[in-house]
Structure formats: C-alpha cells, structure tokens
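The residues making up each chain are set out below.
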Amino acid sequence: MSLGQELAPHLPFLRRYARALTGSQAHGDAFVRAALEAIVAEPDEFPRDVDARLGLYRTFHAIWSTANIEEGEEPSRSFSGSEGIAHARLSRITPLSRQALLLTSLEGFSSEDTAYLIGATPKDVDSLVAEALSEIERQTLADVLIIEDEPIIAMDIETIVRDLGHNVTGVAVTRDEAVAQARSHPPGLVLADIQLADDSSGIDAVKDILAEFSVPVIFITAFPERLLTGTRPEPTFLITKPFQRSTVKAAIAQALFFDAATVPAS
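Residues numbered from 1 in each chain as written. Predicted model: local features only at pLDDT ≥ 70, side-chain atom pairs only at ≥ 80, totals over all residues. Heavy atoms only, no water.

S.K.: Please provide a residue-by-residue account of the overall build of the chain, values included.
M.R.: Looking only at helices and strands, the chain has 12 helices and 5 strands in total. Residue pairs at least 24 apart in sequence account for 69% of intrachain contacts in the chain once pairs closer than 6 positions are excluded. By element, 52% of the accessible surface of the chain is carried by carbon and sulfur atoms, the whole surface being about 12300 Å². (Helix = DSSP H or I, 4+ residues; strand = E, 2+ residues; numbered from the N terminus. Contact = heavy atoms within 4.5 Å. Areas by Shrake-Rupley, 256 points an atom, 1.4 Å probe, with all protein chains shown as cover.)

Below is the structure:
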C-alpha cells in the first residue's frame, strides 16, 4: 500500500481537527494542504516509526506550529471575524493547551500519542487539557438549542451543556420545531443531529437558522459521511455517535472559543 493510500482515510478527520483548531474551513484546509505538500515534497521525511495517522498529524503540527503566534504574544489587531476572536482568546489560552484539548477529546488520541505530537510529556498533556477546559469554560457562557429526536441522547446532551454552566433554551425534535424555537429565543450555540423525528433534516434546520442568525453549530450524528464530503462547505465542529461526554465538552468549548458573543471584556 502506498503512503497516499495509507493517509487517505485519515484526511477528513485531520481536516475536521484543523478547522476546529483554526476556526474556519479555509484556514484549516490551507494548513492541511501545506502538510500534504510537505509530505509529497519530502516523502522520506515522513515519520515511519509510528502509524500513518500519527505521522500525518505530526507533520501537520510541524506546519501549523511555525505559523502560530508564540505563547504570551499580544494578539494582532489587524485580524477580523473568527480569526480576530481566536487571536483575542489566544492572549488568555496558550495554543499548546488547545492542541492538547482537541487531540485528546475530539480526535481521541491518548495522552502518550498527544505528547508525541506536541512535544510534551503525558503528564504535561493532562495538565494542559485541564488548563484549557478551565479557562475556556470561564470565558464562555451561552444559550444553547439542542436539535435531537432521541430522548435519552437529548437528555445526555442537555446534562453536559448544563454541567458546563450553559443555559438550554429548548430541545427540538423536528426541523420546523427547531426553527420556531430559534426564532422565539435566538441561541448562542446549536447542537444538531442530522436525522430527525419526522424524517426531516437537521442539516436543513441549521440552514434555516443560519439564514436568520449568526451562531456556531456543532453536528452530533451517526452519519458523518453525509457532511465530510469535501465537495461543499463542511461544519467546523462534527462529532460522531456514539460520543464521549469529554468530546462534546471539548467541541462546545472550541465552538464558543471563536464566537464573538462570548468574548470576555478586556
């Protein structure tokens, strides 16, 4: 099997990680593309002492770390949108902590593998994850709309959201109900399934909501392939069912990390 064939199954998930790390599909995909170009240019430099997925993420991190602001650096005021919000928050949360959080909670790497990827020790990784969660949760509070037709799953998600200190404005089980709830109480965050109770689509519900409100969205679905197609705009935050509670917590923290409404006062 060629190196390209080994890496191909992992690319959609690296792109998901890159979007979560940078806050946008365009920026995330640019870093992934740069990593792939580096691999093509110097295939002999690709780490072969680890599995292909770990080597791919290691190469990505080598590219991303060279472009990221240094710890303690003041954020530039020349950025706007989600990038500007990210830079504002990075003055409070170090990039290394966010990497550790996403790699363990969203991507499912062990503390040992994460330590290899970011050049730390497993003990350091555990401390960085705790630091990131604590600081991001302190900075961000939001009203959350849950779109989920399975009662037990909806209850579990609602518990996670409330445990993080957020307010749940409602739980919708159909597209129409989701849109109506969003209109009556505009959310600061939407957590959405794809397949809903009346065979309507959570994707369509989100499209309707985004047509009226600017709000971060996290999809939680058993059908990630419907969204990770590479042929159209993809969600920045995507969680596969069955999910770990820590994964949902990390995604919520990251989604609100880039949201202007939750930027703390200076």
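S.K.: Run through the pairing of strand β3 (residues 189–192), naming residues and quoting values.
M.R.: Of the two faces of β3, the one lined by L189 and L191 and the one lined by V190 and A192 are each fully buried. Across 4 bridges, the pairing between strand β1 (residues 143–147) and β3 is parallel. Bridge pairing in β3 places I147 opposite A192. Note: β3 against strand β4 (residues 217–221), 3 bridges, orientation parallel. Within β4, the position partnered with L191 by the bridge is I218. Since β3 and β4 lie parallel, the crossover through helix α11 (residues 202–210) that links them has a hand, and here it is right-handed. (Buried < 20%, exposed > 50% of the residue type's maximum accessible area, 1.4 Å probe, protein only. Pairing = 2+ DSSP bridges. Right-handed = clockwise from strand over helix to strand, strands pointing away.)

S.K.: Tell me about the nonpolar core, and please be specific about residues and values.
M.R.: Within the largest apolar cluster, 52 residues are counted, with the highest numbers of intra-cluster contacts made by Y17, F60, L189, L191, I218, I220 and I252. Beyond its immediate sequence surroundings of up to four residues, Y17 is in contact with Y57, F60, H61, Q99, L102, L103 and E107. (Core = buried A, V, L, I, M, F, W, Y, C linked by side-chain atoms within 4.5 Å.)

S.K.: Can you explain the packing of aromatic side chains? Please cite residues and give values.
M.R.: Aromatic rings considered in pairs are described by the distance between their centres and by the relative angle of their planes. In this structure the tally under the stated criterion is 3 aromatic pairs. Ring plane angle 70° and centroid distance 5.8 Å describe the contact between Y17 and F60, whose orientation is recorded as edge-to-face. Residue Y17 is located in helix α2 (residues 11–22), and its partner F60 is located in helix α4 (residues 52–67); the two are separated by 43 residues in the primary sequence. The exposure classification of Y17 matches that of F60, with both residues buried. Three or more aromatic residues joined by ring pairs form one cluster here, namely Y17, Y57, F60 and F109. Over the ring of Y57 we find R53; its NZ or CZ atom is 5.1 Å from the centre of that ring. (Phe/Tyr/Trp six-rings, centres within 6.5 Å; stacked < 30°, edge-to-face > 60°. Lys NZ or Arg CZ within 6 Å of the ring centre and 35° of its normal.)

S.K.: Would you mind going over helix α12 (residues 245–257) in detail, with residue names and values included?
M.R.: The end-to-end C-alpha distance of α12 is 18 Å, a good match for the 18 Å that 13 residues give at a rise of 1.5 Å each. Among the 13 residues that make up α12, 10 are buried, leaving the element largely enclosed by the rest of the structure. Burial in α12 covers these residues: T247, V248, A250, A251, I252, A253, Q254, A255, L256 and F257. (Expected span 1.5 Å × (residues − 1).)

S.K.: So what's going on with the confidence of the model for the chain? Residues and values would help.
M.R.: Averaged over all residues, the pLDDT of the chain is 84; the fraction at 70 or higher stands at 82%. By mean pLDDT, helix α5 (residues 81–90) is the weakest element of the chain at 53, and helix α10 (residues 175–184) is the strongest at 97. Across residues 69–79, confidence stays below pLDDT 50; counting only partners more than four residues off in sequence or on other chains, it has 10 contacts. (pLDDT = per-residue confidence, 0-100.)

S.K.: Break down the environment of T121 for me, with residues and values.
M.R.: Position of T121 among the secondary structure elements: in the loop between α7 (111–118) and α8 (122–139). Look at T121 and you get partly exposed, because its relative accessible area is 38%.

S.K.: Lay out the pattern of salt bridges with the relevant residues and their values.
M.R.: Taken as a whole and judged by the stated rule, the model has 12 salt bridges. One salt bridge in this structure joins E107 and R16, with 3.3 Å as the shortest N-O distance. In this pair, E107 is assigned in the loop between α6 (95–106) and α7 and R16 in helix α2, connecting sequence segments 91 residues apart. The same class applies to E107 and to R16, which are both buried. (Salt bridge = Lys/Arg side-chain N within 4 Å of Asp/Glu carboxyl O.)

S.K.: Account for the sheet that holds β3, naming residues and giving values.
M.R.: Read across the sheet, 5 strands follow the order β2-β1-β3-β4-β5 without closing on themselves; strand pairing throughout is parallel. If you trace the sheet from one side to the other, it starts and ends with β2 (167–172) and β5 (237–240), each paired once. Each strand of the sheet is rotated relative to its neighbour by a mean of 15°, with strand direction disregarded. Where α11 meets the sheet, it contacts β1, β3 and β4, and its direction lies at approximately 175° from that of β4. (Axes fitted to C-alpha atoms, helices over the stretch in contact; angles between N-to-C directions.)

S.K.: How would you sum up the packing of α10 against α11? Please name residues and give values.
M.R.: Axis separation between α10 and α11 bottoms out at 9 Å; the angle between their running directions is 25°. By the angle between their directions, the pair α10 and α11 is classed as roughly parallel. With respect to the hand of their crossing, α10 and α11 are arranged in right-handed fashion. Contact with α10, carried on its side by R175, A178, V179 and A182, involves D204, A205, D208 and I209 of α11 and no other residues of that element. Considered class by class, the residues forming the contact of α10 with α11 number 5 nonpolar, no polar and 3 charged. (Parallel < 35°, antiparallel > 145°, perpendicular 65-115°, else oblique. Left-handed = near helix turned anticlockwise from the far one by under 90°. Nonpolar A, V, L, I, M, F, W, Y, C, P; charged D, E, K, R; others polar.)

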